[in-house]
Amino acid sequence: MTLSPGPESALRGRRIALAGFGAENRAVARWLHAHGLPFSVCDRQEPKDQEAMQEEFRAALEGWHLGPDHLEALARFDVVFRTPGISALHPALCRAREHGAEITSQTRLFLDLCPAPILGITGTKGKGTTTSLVAEALRDGPYRRVLVGGNIGLPPLAFLEELTAEDLVILELSSFQLMDWTRSPHLALVLSVTQDHLDYHATVEEYHRAKESLCRYQGAGDLLMVNADCPRSRAFARGSAAQVHSFSARGEVARGAWVADGVIWLRLEEDDPPRPVCPVTDLSLRGRHNQANAAAAALAAAIAGASVPRIAAGLARFQGLEHRLERVGEYRGVTYYNDSLATTPDSAIAALESFDEPLVWIAGGSAKGADFSALGTVAAGRAIRAAILIGQEAPRLQAALTGAGGVRGEIVTNCTSMAEAVAEARSRARPGEVVLLSPACASFGMFASYRERGNEFKRLVREDD
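Residues numbered from 1 in each chain as written. Predicted model: local features only at pLDDT ≥ 70, side-chain atom pairs only at ≥ 80, totals over all residues. Heavy atoms only, no water.

One can expect most non-glycine residues to show negative phi and most peptide bonds to be in trans. Note the cis peptide between Gly 141 and Pro 142, where omega equals 15 degrees. Tracing the sequence through the fold places Pro 142 in the loop between α6 (127-137) and β7 (146-150). Although it is not a glycine, Arg 332 adopts a positive phi angle of roughly 55 degrees. Mapped onto the secondary structure, Arg 332 falls in the loop between β15 (326-331) and β16 (334-338). Notably, Ala 440 is not glycine yet its phi reads approximately 65 degrees, a positive angle. (Helix = DSSP H or I, 4+ residues; strand = E, 2+ residues; numbered from the N terminus.)

Pasting the structure below:
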């Protein structure tokens, strides 16, 4: 079954299930209800607002399948909308496919329905920052409006009815959202792709295949932007039918944007002279990785039609996102940074390399199947006065740091909470130094999310001052 054209017509008369009932599938539920298409909900937990949902969707909501075996009902349905939290390779979804079910998602439905051009952005880290930078650079035109959705902001179905062909939609997309795509947007931007979520994906290769879905189906009339500094991102461009541009934080590229001599440069065609966009000192963001993000955003905004002055103004205006190398404040001469979204070794490496000041580093959390050896090597070469390791992964982090020769200061492993870790960091940090929360791990076990972890860190820092 194909959902395009006329997705509502293709769905009419089909038995539809929503596998998971989080934000994305609630957006699907509202779209289905608006088009008179009945559906059932399959979710592990009974929603706290189940009665309100039943009332909102009235006759369209045909039934609930709740509890530990909620996915076993999927084989009865013709179409299943998968929440990103459930892998497309889940055995229950595989069985549903074997019974002839179409497995789709909110983002796939949006691609079929959206009347506006779409810029899709993915990568292992930097997606949210780059997405926000592009949106800021395009704030004053040339589009009627720029709307942001996907893994950041709203599920795009929530603003579908507002869109026209004069708008632009920017989607930040995770591997969870991309892994079952069968088409790609007109504009695709691929940041650095390393490894992540090996607690979700079966292999690194499967994770990479999911990321590549963003651009795999592009044609000759489409545009692909890739990170020239990343081998995997470059590999996505090889053999692509799309028109390829690139960006780099390390030096000049033939077509695209790059950082050289402290300036972001832009050239959309090989025969064009390079144009300076802005000095990197205009950016509020720290670190070479954020210079790469800014170069990527400059390229995407230019391809989308923004002028160089508007791009420069947008990059300079952007102050960063919460939990991404977020400056919490300076207390008694010590500066505190919240980088709770650094849930991979690569993102923690980028954070460590963003500082020349001596660091007291808080790291650790729950497992994602990551390899910490490269992080240990980088940490050994930085001015780390103390590494305070917490959570389930503290022993593996300690082994990686020790195996690489340790850190210049002490490795601390006796803290059992964020409160103890912050107190320990405060007691060790000296004026002119930095306390950095950059965990390199997921938050679960100690916190419900990276947001909760970052907010707790900030609360403790400010409360104890």
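Chain-level pLDDT for the protein chain is 93 on average; 97% of the residues reach the 70-or-more range. Here residues 1-5 is modelled with pLDDT under 50, and outside its nearest four sequence neighbours on either side it reaches 12 contacts, counting other chains as well. (pLDDT = per-residue confidence, 0-100. Contact = heavy atoms within 4.5 Å.)

Enumeration over the complete set of coordinates arrives at five aromatic pairs. Centroid distance Tyr 331 to Tyr 336: 5.9 Å. Interplanar angle 65 degrees. Geometry classified as edge-to-face. With relative accessibility at 15%, the residue Tyr 331 sits in the buried group. Assessed through its relative accessible area of 1%, Tyr 336 is described here as buried. (Phe/Tyr/Trp six-rings, centres within 6.5 Å; stacked < 30°, edge-to-face > 60°. Buried < 20%, exposed > 50% of the residue type's maximum accessible area, 1.4 Å probe, protein only.)

A word on the sheet that holds strand β9 (residues 187-190). On the basis of which strands lie adjacent, the open sheet formed by nine strands has the order β7-β8-β6-β9-β10-β11-β12-β13-β14 and mixed pairing. Here the strands that pair on one side only, and so sit at the sheet edges, are β7 and β14 (275-279). Adjacent strand axes in the sheet meet at a mean angle of 20 degrees when their direction is disregarded. Contacts from α6 reach β6 (118-122), β7, β8 (168-172) and β9, with the element oriented near 165 degrees to β8. (Pairing = 2+ DSSP bridges. Axes fitted to C-alpha atoms, helices over the stretch in contact; angles between N-to-C directions.)

A cluster of basic residues, Arg 232, Arg 234, Arg 238, Arg 250 and Arg 288, forms a positive patch at the surface. Within the fold, Arg 234 resides in helix α9 (residues 231-237). (Patch = residues over 30% accessible without salt bridge, like charges linked within 9 Å, V, L, I, M, F, W, Y side chains within 5 Å. Areas by Shrake-Rupley, 256 points an atom, 1.4 Å probe, with all protein chains shown as cover. Salt bridge = Lys/Arg side-chain N within 4 Å of Asp/Glu carboxyl O. Lys, Arg positive; Asp, Glu negative; His and termini not counted. Charge placed at Lys NZ, Arg CZ, Asp CG, Glu CD.)

Two strands pair when backbone bridges link them, and β15 and β16 are joined in this way by five bridges, in the antiparallel orientation. For Glu 330, the partnering residue across the bridge sits in β16 and is Thr 335. Here β15 folds back onto β16 in antiparallel fashion, the turn holding two residues, of which Arg 332 has a positive phi close to 55 degrees.

Between the first and last C-alpha of helix α16 (residues 450-463) there are 20 Å, a value that for 14 residues agrees with the 20 Å anticipated at 1.5 Å per step. Among all positions of α16, only Tyr 450, Arg 453, Gly 454, Phe 457, Lys 458, Leu 460 and Val 461 are buried. One face of α16 carries all of its buried residues, which in axial projection span an arc of 165 degrees. (Expected span 1.5 Å × (residues − 1). Arc of directions from axis to C-beta.)

This part is about the pairing of β16. Looking along a regular strand, one sees side chains alternate from face to face of the sheet. Of all five residues making up β16, five are buried, and the element is well covered by its neighbours. Alternating positions in β16 separate into two faces, Val 334, Tyr 336 and Asn 338 on one and Thr 335 and Tyr 337 on the other, with burial throughout. Pairing analysis gives four bridges linking β16 to strand β20 (residues 434-437), with the strands arranged parallel. Note that in β20 the partner of Tyr 337 across the bridge is Leu 436.

This paragraph deals with the nonpolar core. Core analysis: the biggest nonpolar cluster contains 46 residues, and Leu 18, Leu 32, Phe 39, Phe 110 and Val 169 have the highest contact counts within it. Sort the elements by how many residues they give to this core and helix α2 (residues 23-34) lands first, with five residues. Not counting the four nearest positions on each side in its chain, Phe 110 is found in contact with Ile 118, Pro 156, Leu 157, Phe 159, Leu 160, Leu 163, Val 169 and Leu 171. One finds Leu 168, Leu 285, Ala 302 and Ala 312 within the second-largest nonpolar core, a separate group that totals 44 residues. (Core = buried A, V, L, I, M, F, W, Y, C linked by side-chain atoms within 4.5 Å.)

Bringing the side chain of His 208 into the picture now. Within the element layout of this structure, His 208 appears in helix α8 (residues 204-216). Given a relative accessible area of 11%, His 208 falls into the buried group. Within the structure, the side chain of His 208 is placed 3.3 Å from the side chain of Arg 232, a separation counted as a polar contact. Each residue touching His 208, except ones within four places of it in the same chain, is listed here: Val 193, Thr 194, Arg 232 and Phe 236. (Polar contact = N/O pair within 3.5 Å; in protein donor to acceptor, adjacent residues only side chain to side chain.)

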